[in-house]
Amino acid sequence: MPMVHMKDMLSHAHANGYAVGAFDLVSLDFLEAILEAAERERAPVILSLAESHFTYFNFDTIMPAVEHAARQARVPVAVHLDHGASLRSAVRAINAGCNGVMVDASDKPFDENVARTRAVVEMAHGCGVPVEGELGYVPGVEGEDAKLHPGEVAYTTPEEAERYMEETGVDFLAVSIGTVHGRMKGTPKLDFERLDAINGRLGIPLVIHGGTGLSDEQFRGLISRGVAKINYYTALADRAGARIRENAGRDGAAGYTGLVAGVREAIADEVARCIGLWGSAGRAADVLAAATPWRPVEHLIIYNVDGLDDDGTKAMMARGREVLGAIPGVRAVFTGEAVKPEASYRYTWLVRFCHPAVIDSYREHPDHVAFADEHFRPVAGERISIDYREVGELGEIGDVCD
Ligand code: 13P
């Protein structure tokens, strides 16, 4: 099954009164557990990777596994950068395979938050990727994530939220109405009146960070007021930690595999509980029917070179791989030489775009224009250039989604 466009996925949740879980993953155990639970519950799901967690794993190493697992999944999946700190983080995430990004400048003054978020929106929309912004501040209180979100709570105001949405063009908004990252201390008090006012003004899917520790009743209250995405992590980490402690208690000499035995199941059970509670169970087939599949485009150029020797051509290709590969929305740049020397076109570029929107944004990108005008077009008059969208099986949708 293809990944699906996250905006379509969350619009469906928003319109139908349920929320999709965005579960932060920090290892392959988390990845497999989240997808196993989503498939068991036939639910759309968001695989979320928080930039604040990048010290726990190598983002570039784990992303191919995340993307592969998402594409193999038998439920609709989106892959999201959580708490991206900068424009650069967002470009890196999109080029590595994320099809949703969050820009978190919520600790900055309003105008700076708007400026940073707008820059990410302009870039990401040029790649077909939707953006989550945050206004107000959700701090950490207790648990392993708390220190990653220092400071005091700042509540989102409905007036600023509306201005922020209009000035940035964000697709989803994370709001601060009393939740905290990590474990709660006591019972959190949520400001539902505030959420009602924000929802009434904005009409876009709202996001809640700090899902851990909220009551069933509170989740229902959030979802009935426009929350369509719930971020969840600490409870999963705590479940995993408890299972490891149990294993260690049972067998003090246990090695790695003995210690982590059953961790996947423990995480999956908690994910499945949330999915059931948030109303996304059984929605996979509907989301799949409503959502645009997330599919790449291959930008193919075949060409002959005039005016450069072999070394010069290879140097031009190396420069192109570096420059073009860094343009937003470019997943990979393949440079090649025909296997048979008699081929009508001796060389090729295969530039993989994450989404058809990149055809235009890439063509107009100043780095592409400069490279093409200065290094490529002057020596490659003889060329053919065609964009190909992916055609392939949708995968085994039936058995799990129906
Ligand atoms: P919790 O760790 O409190 O569930 O919050 C997760 C989160 O909001 C990630 O962005």
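This text goes with the structure placed above it.
None of the values given here were measured: they were computed from a predicted structure.

### Examining the overall build of the chain
For step 1, the next point in the chain: Helices and strands together make up the secondary structure of the chain, namely 16 helices and 16 strands.
For step 2, the next point in the chain: Relative to the globule expectation of 21 Å for 402 residues, the C-alpha radius of gyration of the chain, 23 Å, shows essentially globular dimensions.
For step 3, the next point in the chain: Projecting the C-alpha coordinates of the chain onto the three principal axes gives extents of approximately 75 × 55 × 40 Å.
For step 4, the next point in the chain: With 402 residues in all, the chain has 52% of them scored as buried.
For step 5, the next point in the chain: At a minimum sequence separation of 6, the contacts of the chain that also span at least 24 residues come to 75%.
For step 6, the next point in the chain: When the 39 positive and 60 negative side-chain charges of the chain are each reduced to one mean point, those points stand 2 Å apart.

### Considerations on the environment of Ala93
For step 1, the next point in the chain: Structurally, the position occupied by Ala93 is in helix H4 (residues 87-96).
For step 2, the next point in the chain: In this structure Ala93 comes out as buried when scored by relative accessible area, which is 0%.
For step 3, the next point in the chain: Along the sequence, Ala93 and His181 sit 88 residues apart, while their C-alpha atoms lie 22 Å from each other.
For step 4, the next point in the chain: Ignoring sequence-local partners within four residues, the contact set of Ala93 consists of Phe59, Leu81, Cys98 and Val101.

### Let's talk about the packing of helix H5 (residues 110-125) against helix H6 (residues 158-168)
For step 1, the next point in the chain: Where H5 meets H6, the axes come as close as 9 Å, and the angle between the chain directions of the two elements is 35 degrees. Viewed along their axes, H5 and H6 form a crossing whose handedness is right-handed. Listed contacts from H6 to Phe110, Asp111, Asn113, Val114, Thr117, Arg118 and Val121 of H5 are Glu160, Arg163, Tyr164, Glu167 and Thr168.
For step 2, the next point in the chain: Here the contact of H5 with H6 is built from residues that sort into four nonpolar, three polar and five charged.

### Notes on the packing of aromatic side chains
For step 1, the next point in the chain: This model, assessed by the stated rule, comprises 13 aromatic pairs.
For step 2, the next point in the chain: Note on Trp349 and Phe376: the rings are 5.8 Å apart at their centroids and 80 degrees apart in plane angle, and the pair reads as edge-to-face. Of this pair, Trp349 sits in strand E15 (residues 347-353) while Phe376 sits in helix H15 (residues 366-376), and the two are 27 residues apart along the sequence.
For step 3, the next point in the chain: Accessibility expressed as a relative area gives 1% for Trp349, which makes it buried.
For step 4, the next point in the chain: A relative accessible area of 6% places Phe376 in the buried class.
For step 5, the next point in the chain: Here the aromatic residues Tyr303, Tyr347, Trp349, Phe371 and Phe376 are joined through ring pairs into a cluster of three or more.

### Side note on H5
For step 1, the next point in the chain: For H5, spanning 16 residues, the distance from its first C-alpha to its last is 22 Å, which sits close to the expected 22 Å at 1.5 Å a residue.
For step 2, the next point in the chain: Buried within H5 are the following residues: Phe110, Asn113, Val114, Thr117, Val120, Val121, Met123 and Ala124.

### Let's talk about the site of the ligand
For step 1, the next point in the chain: Inspection of the region around the ligand gives 14 residues, with Asp82, Gly182, Gly210, Thr212 and Thr234 positioned closest.
For step 2, the next point in the chain: In this structure, Tyr233 approaches the ligand through a main-chain N or O atom, which is 2.9 Å from an oxygen atom.
For step 3, the next point in the chain: Thr234 places a polar side-chain atom, nitrogen or oxygen, 2.5 Å from an oxygen atom of the ligand.
For step 4, the next point in the chain: For the ligand, whose unbound accessible area comes to 310 Å², protein coverage reaches 99%.
For step 5, the next point in the chain: Counting residues per element, the ones that place at least two in the shell around the ligand are strand E4 (77-84), strand E9 (181-182) and strand E11 (227-232).
For step 6, the next point in the chain: Its residues assigned to classes, the shell around the ligand comprises three nonpolar, nine polar and two charged.

### Examining the sheet that holds strand E16 (residues 383-389)
For step 1, the next point in the chain: Pairing in this open sheet of four strands is antiparallel, and the strands run E14-E15-E13-E16 from one edge to the other. The open sheet terminates on both sides in strands that have one partner only, identified here as strand E14 (330-337) and E16. Sheet twist, expressed as the average angle between the axes of neighbouring strands with direction ignored, equals 15 degrees.

### Examining the environment of Val260
For step 1, the next point in the chain: Structurally, the position occupied by Val260 is in the loop between helix H10 (256-259) and helix H11 (263-278).
For step 2, the next point in the chain: Along the sequence, Val260 and Gly241 sit 19 residues apart, while their C-alpha atoms lie 9.0 Å from each other.

### Quick look at the sheet that holds strand E8 (residues 172-175)
Remark on secondary structure: sheet strands pair via backbone hydrogen bonds, oriented parallel or antiparallel.
For step 1, the next point in the chain: Strand order in this closed barrel of eight strands is E2-E3-E4-E5-E6-E8-E10-E11, and the pairing throughout is parallel. In this sheet, neighbouring strand axes are inclined to one another by 25 degrees on average, regardless of whether the strands run parallel or antiparallel.
For step 2, the next point in the chain: Sheet topology places strand E2 (residues 20-24) next to strand E3 (residues 45-50); three bridges connect them, and they run parallel. Its bridge partner lying in E3, Phe23 is registered against Leu47.
For step 3, the next point in the chain: Running over the sheet, H4 touches E4 and strand E5 (100-103) and is turned about 160 degrees from E4.
For step 4, the next point in the chain: H5 contacts E5 and strand E6 (131-135) of the sheet and is inclined by roughly 175 degrees relative to E6.

### Looking at the nonpolar core
For step 1, the next point in the chain: Ranked by internal contacts, the top residues of the largest apolar core, which has 106 residues, are Phe23, Leu47, Leu49, Val101, Trp278 and Trp349.
For step 2, the next point in the chain: Per-element accounting of this core gives the leading share, nine residues, to H11.
For step 3, the next point in the chain: Setting aside anything within four residues of it in sequence, one finds Leu49 in contact with Asp24, Leu25, Phe54, Phe57, Phe59, Ile62, Met63, Val66, Val79, His80, Leu81 and Asp82.
For step 4, the next point in the chain: Judged by nonpolar contacts, the second largest core, of 18 residues, contains Leu10, Tyr18, Val20 and Val207.

### Here's the deal with the pairing of strand E13 (residues 297-303)
For step 1, the next point in the chain: With five of its seven residues buried, E13 lies for the most part within the structure.
For step 2, the next point in the chain: The sheet contact formed by E13 and E15 spans seven bridges and is antiparallel. Residue Glu298 lies in a different strand from E15, and its bridge partner there is Arg352.
For step 3, the next point in the chain: Looking at chain direction, E13 and E16 are connected through seven bridges and run antiparallel.

Criteria and cut-off values
Residues numbered from 1 in each chain as written. Predicted model: local features only at pLDDT ≥ 70, side-chain atom pairs only at ≥ 80, totals over all residues. Heavy atoms only, no water. Helix = DSSP H or I, 4+ residues; strand = E, 2+ residues; numbered from the N terminus. Rg over C-alpha atoms; globule rule 2.2 N^0.38 Å. Buried < 20%, exposed > 50% of the residue type's maximum accessible area, 1.4 Å probe, protein only. Contact = heavy atoms within 4.5 Å. Lys, Arg positive; Asp, Glu negative; His and termini not counted. Charge placed at Lys NZ, Arg CZ, Asp CG, Glu CD. Axes fitted to C-alpha atoms, helices over the stretch in contact; angles between N-to-C directions. Left-handed = near helix turned anticlockwise from the far one by under 90°. Nonpolar A, V, L, I, M, F, W, Y, C, P; charged D, E, K, R; others polar. Phe/Tyr/Trp six-rings, centres within 6.5 Å; stacked < 30°, edge-to-face > 60°. Expected span 1.5 Å × (residues − 1). Near = heavy atom within 4 Å. Polar contact = N/O pair within 3.5 Å; in protein donor to acceptor, adjacent residues only side chain to side chain. Areas by Shrake-Rupley, 256 points an atom, 1.4 Å probe, with all protein chains shown as cover. Pairing = 2+ DSSP bridges. Core = buried A, V, L, I, M, F, W, Y, C linked by side-chain atoms within 4.5 Å.

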